[in-house]
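Commentary on secondary and tertiary structure
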Amino acid sequence: MIDTEALRTQPELAGQNVVLAQLDDSHFEPAWRALQDPEVIRFTGTHTKFTEEQIHQWLASRPGIADRADYAILRKEDRAYLGDVVLSDIDEDNGSAGFRIALTGPDVFGKGYGTEATKLLLGYAFDVVGLHRVSLEVFDFNPRAQRAYEKAGFVREGLQREALRWDGEWHDVVTMAILKNDPRL
Ligand SMILES: CC(C)(COP(=O)(O)OP(=O)(O)OC[C@H]1O[C@@H](n2cnc3c(N)ncnc32)[C@H](O)[C@@H]1OP(=O)(O)O)[C@@H](O)C(=O)NCCC(=O)NCCS
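Residues numbered from 1 in each chain as written. Predicted model: local features only at pLDDT ≥ 70, side-chain atom pairs only at ≥ 80, totals over all residues. Heavy atoms only, no water.

**Regarding the overall build of the protein**
Within the protein, the regular secondary structure consists of six helices and eight strands. Going from the N terminus to the C terminus, the protein shows its helices and strands as α-β-β-α-α-α-β-β-β-α-β-α-β-β. Expected size for 185 residues packed as a compact globule is a radius of gyration near 16 Å; at 16 Å, the protein falls within 12% of this value. Structurally, the protein occupies a C-alpha span of about 45 × 35 × 30 Å along its principal axes. Taken across its 185 residues, the protein has 49% of its residues classed as buried. Taking as baseline every contact in the protein between residues at least 6 positions apart, the subset at least 24 positions apart corresponds to 65%. When the accessible surface of the protein is summed, it comes to about 9,700 Å², and 47% of that surface belongs to carbon and sulfur atoms. In the protein, 21 side chains carry a positive charge and 31 a negative one; their mean positions are 5 Å apart. (Helix = DSSP H or I, 4+ residues; strand = E, 2+ residues; numbered from the N terminus. Rg over C-alpha atoms; globule rule 2.2 N^0.38 Å. Buried < 20%, exposed > 50% of the residue type's maximum accessible area, 1.4 Å probe, protein only. Contact = heavy atoms within 4.5 Å. Areas by Shrake-Rupley, 256 points an atom, 1.4 Å probe, with all protein chains shown as cover. Lys, Arg positive; Asp, Glu negative; His and termini not counted. Charge placed at Lys NZ, Arg CZ, Asp CG, Glu CD.)

So this is what it looks like as structure tokens:
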């Protein structure tokens, strides 16, 4: 059984250096800046150009949803916004969900924040919400993300050949997943 109340209420999740807190419109400014960052755009394969109004509406509508969990990643020492991490597409019948994460830009990449946020969200997904499987997609040109996911316990499952077209070039998309009883590293 999935604990939909835990999804609706999204408790704050505290780690050593980051805290995960409900994503909402109070995070608009740094979230909007991240959406303009060329590396974030490329690594997330974001083809869409959003308006400020769309992002305000998206953020404001995040709290209280029972079929996904959108968390802001905050630096623990000063609660500075570092990015977002999400459980999406929750399938109650199969106990499964999708996963995505994006930090705000190169100034905060490579400092362990992404791996820690991923581990915290997986703890919540399996031990609080009661999910069985969490899966993700990551591009072939993003070894940093693949490494961060492996460090959190995700296992590579497959390859979708030429599933992304970016700047006129085809790229493969790697599928990774972790099950409830897999080692969480
Ligand atoms: C992907 C992301 C969440 C990872 O978080 P992070 O805080 O930057 O990563 P971490 O510091 O926790 O871990 C990165 C690991 O990758 C390794 N790494 C970095 N660049 C690498 C490269 N080019 N090749 C292989 N490994 C690399 C680091 O050495 C580190 O591993 P280690 O601890 O064993 O040394 C973050 O970089 C990000 O948001 N990037 C932009 C958006 C994005 O890529 N989202 C994911 C889309 S699927």
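**So, a negative patch on the surface**
On the surface, Asp-67, Asp-89, Glu-92 and Asp-93 cluster together into a patch of negative charge. Position of Asp-93 relative to the elements: it lies in the loop between strand 4 (81-91) and strand 5 (96-103). (Patch = residues over 30% accessible without salt bridge, like charges linked within 9 Å, V, L, I, M, F, W, Y side chains within 5 Å. Salt bridge = Lys/Arg side-chain N within 4 Å of Asp/Glu carboxyl O.)

**Comments concerning the pairing of strand 7 (residues 155-166)**
Across eight bridges, the pairing between strand 7 and strand 8 (residues 169-179) is antiparallel. By the bridge assignment for strand 8, Gln-160 is matched with Val-173. A loop of two residues connects strand 7 with strand 8, the two strands running antiparallel in sequence, and Asp-167 in this loop sits at a positive phi of about 50°. (Pairing = 2+ DSSP bridges.)

**Topic: the site of the ligand**
Around the ligand, a shell composed of 21 residues is seen, among which Leu-103, Gly-114, Thr-115, Asn-142 and Lys-151 lie nearest. Here an oxygen atom of the ligand and a backbone polar atom of Leu-103 are 2.7 Å apart. Gly-112 is positioned such that a nitrogen or oxygen atom in its backbone is 2.8 Å from an oxygen atom of the ligand. Those elements giving two or more residues to the shell around the ligand turn out to be strand 5, helix 5 (113-129), strand 6 (133-139) and helix 6 (143-152). The element best represented in the shell around the ligand is helix 6, accounting for seven residues. Looking at the shell around the ligand residue by residue, the classes come out as 11 nonpolar, five polar and five charged. (Near = heavy atom within 4 Å. Polar contact = N/O pair within 3.5 Å; in protein donor to acceptor, adjacent residues only side chain to side chain. Nonpolar A, V, L, I, M, F, W, Y, C, P; charged D, E, K, R; others polar.)

**Quick notes on the pairing of strand 6**
Note that strand 5 and strand 6 share three bridges and pair parallel. Bridge pairing in strand 6 places Gly-98 opposite Ser-135. Note on the crossover from strand 5 through helix 5 to strand 6: the handedness is right-handed. (Right-handed = clockwise from strand over helix to strand, strands pointing away.)

**What about the sheet that holds strand 7?**
An order of 1-2-3-4-5-6-8-7 is seen for the eight strands of this open sheet, with the pairing classed as mixed. Two strands lie at the open edges of the sheet, namely strand 1 (13-14) and strand 7, each paired on one side alone.

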